[in-house]
Structure formats: structure tokens, C-alpha cells
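Spelled out, the chains give:
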Amino acid sequence: MMSLSSREFLEMPITDFIISSEKVAHVQMGNNAEHALLVLTKTGYSSIPVLDAKYRLHGMLSMRMITEPILGMDHIEYERLTDIKVDEIMDKKVATLNIGDNFQRALDLVINHAFLCVIDDEGTFMGIMTRRVILKQLKKHIYQFNS
Ligand code: 2BA
């Protein structure tokens, strides 16, 4: 990366730092909680996006949202997993970036979120921006002044 002032750094477009949608593990609206549990367990991610067939973003799903509704009084009711749809348990309030946003907005939001979903003007899911990628770029930028 060429030498950038902090202002130029913060104004960089986010487009080059997005993990594109085809590489992002996700579940689809209508999938049941058993399938979602499998995806979360097999990929190892703690939280993943919920998309529809047209790749529009609808929510976010984490392990706790799956286990919480099946916790009975004295045992875990695993058999209920197939009856629960991800759309019933997902978090619909999702922090998003627009594809046209700059690095500053990503930096502001990533303090409270491990990753941010990136959407276009039609609400189509383009991918995610992770805390790891943002910190890596921030580190590069800080070190250019110390080396
Ligand atoms: P977590 O799943 O809680 O993961 C926290 C960090 O642990 C990740 O940070 C990454 O450094 C590492 N990690 C976890 N699972 C991994 C795996 N299967 N392969 C490689 N590294 C893994 P970040 O890379 O900054 O990701 C932040 C969050 O973004 C993740 O939180 C996850 O919720 C989401 N995420 C990242 N990549 C994803 C992908 N390809 N598909 C779906 N979600 C993803």
C-alpha cells in the first residue's frame, strides 16, 4: 500500500476488503434449526448471515439463538430442532455496511461487531467485512509511520 495520510486511509472505499458472498457460510430463510446447528458447528463460526433465495440479507444467526428455545425444564429438547425455522429465531437487527461506504464507517461499527454484512442499494448481500481484515489494514497503516 502506498503511503496514505490518516484522512486518506479513513476515506478508502471498503470494496477491496470484502470477503465475497460465495465464500461466506450462511443459512437460508426457511431452513430449520437443525440444519443451522450443523452449519454453525461444521464451519466453526459463531454467527452467520441469514439470506433468501435472491441473496437478500434478512438477519443473523448464532448458536445461542438455536439452543435457547430448545432448553426445557430438565433436558434439551433436540427433537424440536426440525420444527423451528431460522426466520423465527434469527436477530433481524443487523449492522450493515453499504458497498459505497468508506473505511471510517467500517472502523466505527466493528468496535461492537465481529463482522459486518455488506449490502448494495437493493439490499442484496455482497459479503462481509471482518474485524480481522479491518485490524490488519489498520496495523499496516499505523506501522507505515513507525518503520
Ligand atoms: P467468530 O466465528 O467468533 O471468529 C472469531 C475469529 O476466530 C475470526 O475472526 C477468525 O480470526 C477466527 N476463526 C473462527 N473460525 C474460523 C474458521 N473456521 N477459519 C478461520 N478462522 C476462524 P474474523 O476473521 O475477524 O471473523 C469475525 C467473525 O466473522 C467470525 O466470528 C464469524 O462470525 C464471521 N465470519 C468470518 N468469516 C466468515 C465466513 N467465511 N463465513 C461466515 N462467517 C464468517
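Keep in mind the model is a prediction, meaning the values are calculated, not measured.

Q: Even after reading the chapter, I still don't get the UniProt feature "domain: CBS" (unreviewed entry) in the chain, so can you show me in this structure?
A: Following the UniProt record, the feature "domain: CBS" (unreviewed entry) maps to residues 20–68 and 86–138 here. Between the C-alpha atoms that bound residues 20–68 the distance is 31 Å, and the span itself is 33% helix and 29% strand. As annotated, residues 86–138 has a helix share of 38% and a strand share of 26%, and its two end C-alpha atoms lie 35 Å apart.

Q: Where do I start with helix 5 (residues 103–110) in this structure?
A: One full turn of an α-helix is made of 3.6 residues, so residues set three or four places apart face in the same direction. Among the residues of helix 5, Phe103, Ala106 and Val110 are the ones counted as buried. Considered in projection along helix 5, the buried side chains sweep an arc of 60 degrees and stay on one side of the axis.

Q: Looking at this structure, I do not really get the environment of Asp74. What am I missing?
A: Structurally, the position occupied by Asp74 is in the loop between helix 3 (63–67) and helix 4 (86–89). Residue Asp74 is classed as exposed on the basis of its relative accessible area, which comes to 71%. At 3.5 Å, the side chain of Asp74 forms a polar contact with the side chain of His75.

Q: Sorry, what's going on with the site of the ligand here?
A: Neighbouring the ligand are 15 residues; Ala25, Thr43, Ser46, Ser47 and Arg132 lie closest to it. Within the contact set of the ligand, an oxygen atom lies 2.9 Å away from a backbone nitrogen or oxygen of Ser47. Separating an oxygen atom of the ligand from a backbone N or O atom of Arg132 is a distance of 2.8 Å. For the ligand, the protein covers 65% of the area, taking 740 Å² as the surface of the free molecule. For the shell around the ligand, the secondary-structure elements that each account for two or more residues are strand 3 (47–51), strand 7 (125–130) and helix 6 (131–143). For the shell around the ligand, the class distribution of residues is seven nonpolar, five polar and three charged.

Q: Can you walk me through the environment of Ile119 in this structure?
A: Within the fold, Ile119 resides in strand 6 (residues 115–119). In this structure Ile119 touches Leu57, Thr96, Leu97, Asn98, Ile99, Thr124, Phe125 and Met126, once residues within four positions along its chain are discounted.

Criteria and cut-off values
The residue numbering used here restarts from 1 in each chain and proceeds along that chain's sequence as written. Per-residue local features of the predicted model are confined to residues with pLDDT of at least 70, and side-chain atom pairs are confined, for both listing and counting, to 80 or more; whole-chain, interface and lining totals are unaffected and use all residues. Side-chain figures throughout are based on the complete set of non-hydrogen atoms in the structure, without hydrogens or water. UniProt positions are given in the numbering used here, feature names are shortened, and annotations may be inferred rather than shown by experiment. Put simply, DSSP marks the helices as runs of H or I at least four residues long and the strands as runs of E at least two long, and each gets a number from the N terminus on. Only protein chains enter the accessibility calculation, which uses a 1.4 Å probe. A residue is then buried if its area is under 20% of the maximum for its type, exposed if over 50%, and partly exposed in between. In this context, the arc is that of the directions from the helix axis out to the C-beta atoms. Nitrogen and oxygen atoms within 3.5 Å of one another constitute a polar contact, given that in protein one can donate a hydrogen and the other can accept it, and given that sequence-neighbouring residues count only through two side-chain atoms. Near is defined per residue: the residue qualifies when any heavy atom it owns lies within 4 Å of the molecule or strand. Areas reported here follow the Shrake-Rupley algorithm with a probe of radius 1.4 Å; residue values treat only the protein chains shown as occluding. Residue classes follow a fixed rule: Ala, Val, Leu, Ile, Met, Phe, Trp, Tyr, Cys and Pro count as nonpolar, while Asp, Glu, Lys and Arg count as charged, and any other residue, Gly among them, counts as polar. Should any heavy atoms of two residues lie within 4.5 Å, those residues are counted as being in contact.

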